[in-house]
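# A look at the structure
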Amino acid sequence: MIPMIRARALPLSVFGVLLSAQLVHAQDISRYREVEMRSSLLAVAGLSGLTPADAKVIHQRPAIIQDLEWRLRSSARGSTVQDDPVRDIVFSFYNDQLFRIVVKYDRDRTLGLTDTDLIEALSIVYGAPAVRIVARPRASETSDDIDEDTVVARWENAESSVTVLRSAYPTPVRLVLLSKQLAGLARTATAAAVRLDVKEAPQREVERAQKEEDAARAAQGKARPANKAAFKP
């Protein structure tokens, strides 16, 4: 099977073709194209034509939370790239395990698609949806990414979920895939990290101010001899 993204210079496959190719993985909601949940940062970076160094560290303790973002413009070297509706993808990791994939589709490439169109296309890959909703959901149980969107449909089992959503801005159609267990651990770790940040903020401010003061003193000391010799009243 063709990898989801082989390198920056190669475009993603046409959505319809790729969906057909994915029939071998039909109803496997633990993956998006060739990327599987719980994969390492190194593995996902290799598939997306990126490197682990491209990942952004969101939190470092009590767990390492990282985002790796693939953007269409990073790969665009020909018009064939536009055959695929994906605009960008954010892969999120909890302690080097992929727990969330957020796929944003290009507005022009999804223009006119109805909810039924989206469900039919995704059902080829994931089977019949467990939930079909055209309404604003309650506060998210799984990810902040879907709180302000309209859920079109959801596929899920005990381990994973796939949700297709609509929003007015900035992208009309998104797909959110989650590893439920890891997403729960990531939420807990994120909440703890925020608490630690708030608790440690005063000390960090003291350290920042001291660092700036030391740097200013060092700069003054370095400049003083030359300026003293050259200064004329």
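Residues numbered from 1 in each chain as written. Predicted model: local features only at pLDDT ≥ 70, side-chain atom pairs only at ≥ 80, totals over all residues. Heavy atoms only, no water.

## Remarks on the overall build of the chain
Counting secondary structure elements, the chain contains four helices and 10 strands. By the burial criterion, 38% of the 233 residues in the chain qualify as buried. Put simply, of all contacts in the chain between residues at least 6 apart along the chain, 57% involve residues at least 24 apart. Only carbon and sulfur atoms are counted for the fraction: they give 55% of the accessible area of the chain, which is about 13,100 Å². (Helix = DSSP H or I, 4+ residues; strand = E, 2+ residues; numbered from the N terminus. Buried < 20%, exposed > 50% of the residue type's maximum accessible area, 1.4 Å probe, protein only. Contact = heavy atoms within 4.5 Å. Areas by Shrake-Rupley, 256 points an atom, 1.4 Å probe, with all protein chains shown as cover.)

## Quick look at the environment of Val 125
Its location among the elements puts Val 125 in helix 3 (residues 115-126). Along the sequence, Val 125 and Arg 33 sit 92 residues apart, while their C-alpha atoms lie 9.1 Å from each other.

## Overview of the pattern of salt bridges
Summed over the entire model, instances satisfying the criterion amount to 12 salt bridges. When the shortest N-O distance is used, the salt bridge between Arg 33 and Asp 84 registers 3.0 Å. Of this pair, Arg 33 sits in the loop between strand 1 (31-32) and strand 2 (35-36) while Asp 84 sits in the loop between strand 4 (65-71) and strand 5 (86-94), and the two are 51 residues apart along the sequence. Relative accessible area serves as the criterion here: at 1%, Asp 84 is assigned to the buried category. Residue Arg 217 pairs with Glu 213 through a salt bridge whose shortest N-O separation is 2.7 Å. Separated by four residues within a single helix, Arg 217 and Glu 213 lie in helix 4 (residues 180-230), roughly one turn from each other. Via salt bridges that share partners, Glu 69, Arg 71, Arg 87 and Asp 88 belong to a single interconnected network. (Salt bridge = Lys/Arg side-chain N within 4 Å of Asp/Glu carboxyl O.)

## Points about helix 3
Helix length check: helix 3, at 12 residues, gives a terminal C-alpha distance of 16 Å against a target of 16 Å (1.5 Å per residue), a fit within 8%. Considered for burial, the residues of helix 3 that qualify are Asp 115, Leu 118, Ile 119, Leu 122, Val 125 and Tyr 126. Along helix 3, the residues classed as buried sweep out an arc of 115° about the axis, all on the same side. Backbone geometry just after helix 3 places Gly 127 at a positive phi near 80°. (Expected span 1.5 Å × (residues − 1). Arc of directions from axis to C-beta.)

## Description of helix 4
At Ala 201, helix 4 shows its maximal kink, close to 50°; a proline, Pro 202, follows between one and four residues later. Buried residues along helix 4 sit against strand 3 (56-59), strand 4, strand 5, strand 6 (97-105) and strand 10 (173-179). (Bend = angle between axes of the 7 residues up to and from the residue.)

## Overview of the pairing of strand 5
Within strand 5, eight of the nine residues are buried, leaving the element largely enclosed by the surrounding structure. Alignment of strand 4 against strand 5, held across seven bridges, turns out to be antiparallel. Bridging from a neighbouring strand, Trp 70 pairs with Ile 89 of strand 5. Relative to strand 6, strand 5 runs antiparallel, the two being bridged by eight bridges. The partner of Val 90 across the bridge, within strand 6, is Val 102. Two successive antiparallel strands, strand 5 and strand 6, enclose a turn made up of two residues, where Asn 95 displays a positive phi of approximately 45°. (Pairing = 2+ DSSP bridges.)

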